[in-house]
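# Topology and contacts: notes
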Amino acid sequence: MMKLAYYFTRRQFGKVLTPLKVHSARLPPVFGLFYAKIGKLDRKLTLPSETVLLIREQVARINVCLFCTDIARSVAIKASMNEAKFDAIEQYSASALFNEAERAALDYVTELTKDKKVNPDTFARLSRYYSEREICEIGWLVASEHIYNLTNIGLNIHSDLLCDISRKKK
């Protein structure tokens, strides 16, 4: 089963991902299926793909998960998303690249990730731009990104240089 997983990640990313070699290879296959399920669930989200990646990127950046920031950027490159936004994410509150809805989402995500709670004013602002379902989706993205981040950080997994591979393929 792992050989098959290695094959598909090598085909998709140009190499076998370190978390697969370190984490998934040492746990029962059902753990790998859980990670695959997260990806399937993400495809059911109604939020725009770029917003999803920006949220995951912000959580990973705050948590300092180098693998996760690398893979999010790689996906953004492959999907021809606005790389300048990803470059400016640390300055999202002042950058003209971000609209008010994105700023509201990133403020919410930042507070939830850093403080594990959200100011009612931040939530009210978020509610002006996003539906109840979309807010639940944002909460899901923060929570599921923490799973990735803490696993990788705890196992000393860093960048796989996936951005470099993606740029070479373009």
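Okay, so let's go over this structure. (Residues numbered from 1 in each chain as written. Predicted model: local features only at pLDDT ≥ 70, side-chain atom pairs only at ≥ 80, totals over all residues. Heavy atoms only, no water.)

## Some remarks on a positive patch on the surface
Rule in force here: Candidate patch residues must exceed 30% relative accessible area and have no salt bridge, after which like charges are joined if within 9 Å and Val, Leu, Ile, Met, Phe, Trp or Tyr side chains if within 5 Å. To be clear on the numbers: accessible area is Shrake-Rupley with a 1.4 Å probe, and residue cover counts the displayed protein chains and nothing else. Any Lys or Arg side-chain nitrogen found within 4 Å of a carboxyl oxygen on Asp or Glu counts as a salt bridge. Counted charges follow a simple rule, with Lys and Arg positive, Asp and Glu negative, and His plus the chain ends left uncounted. Charged groups are reduced to one reference atom each: NZ for lysine, CZ for arginine, CG for aspartic acid, CD for glutamic acid. Strands are runs of DSSP state E lasting at least two residues, helices are runs of H or I lasting at least four, and both sets are numbered from the N terminus onward.
A surface patch of positive charge is lined by K37, K40, R43 and K44. One can find K37 in helix α3 (residues 29–42).

## What about the pattern of salt bridges?
Heads up, the rule is: Buried, partly exposed and exposed residues are distinguished by accessible area as a fraction of the type maximum, computed with a 1.4 Å probe on protein chains only: under 20%, between the cut-offs, and over 50%, respectively.
By the definition in use, this model includes 9 salt bridges. In this structure, the salt-bridge partner of D87 is R73, at a minimum N-O distance of 2.9 Å. With D87 in helix α6 (residues 83–87) and R73 in helix α5 (residues 66–78), the pair connects residues that are 14 residues apart, well separated along the chain. Residue D87 is classed as exposed on the basis of its relative accessible area, which comes to 55%. We classify R73 as buried; its relative accessible area is 11%.

## Let's talk about the environment of D70
If you trace the backbone, D70 turns up in helix α5. Between the C-alpha atom of D70 and that of T151, which follows or precedes it by 81 residues, the distance is 15 Å.

## Brief notes about unusual backbone geometry
With a phi close to 55°, S80 is a non-glycine residue in the positive phi region. Summarising the element assignment, S80 is placed in the loop between α5 and α6. For S80, a relative accessible area of 55% gives the class exposed. Here the phi dihedral of K116 falls at roughly 60°; this positive angle occurs in a residue that is not glycine. Structurally, K116 is set in the loop between α7 (100–115) and α8 (120–129).

## Here we look at the packing of α7 against α8
Note the cut-off: Every axis in this analysis is a line fitted to C-alpha atoms, fitted for helices over the stretch in contact. Angles between the N-to-C directions lie between 0 and 180 degrees. Left-handed is the label given to a crossing in which the near helix is rotated counterclockwise from the far helix by less than a right angle, and right-handed is the label when the rotation is clockwise. Contact definition: two residues touch when any of their heavy atoms are within 4.5 Å. Residue polarity follows a fixed list, in which Ala, Val, Leu, Ile, Met, Phe, Trp, Tyr, Cys and Pro are nonpolar, Asp, Glu, Lys and Arg are charged, and the others, Gly among them, are polar.
Remark: α7 packs on α8, axes separated minimally by 9 Å, with the N-to-C direction vectors making an angle of 145°. Here α7 runs over α8; the crossing is left-handed. Packed against α7, whose contacting residues are E100, A101, R103, A104, A105, D107, Y108 and E111, the element α8 presents T122, F123, R125, L126 and Y129 at the interface. Of the residues belonging to the contact of α7 with α8, the class tally is 7 nonpolar, 1 polar and 5 charged.

## Comments concerning the side chain of T113
One can find T113 in helix α7. Using a relative accessible area of 1% as the deciding quantity, one classes T113 as buried. When near neighbours in sequence (up to four residues on either side) are disregarded, T113 contacts V59, I62, N63, V142 and H146.

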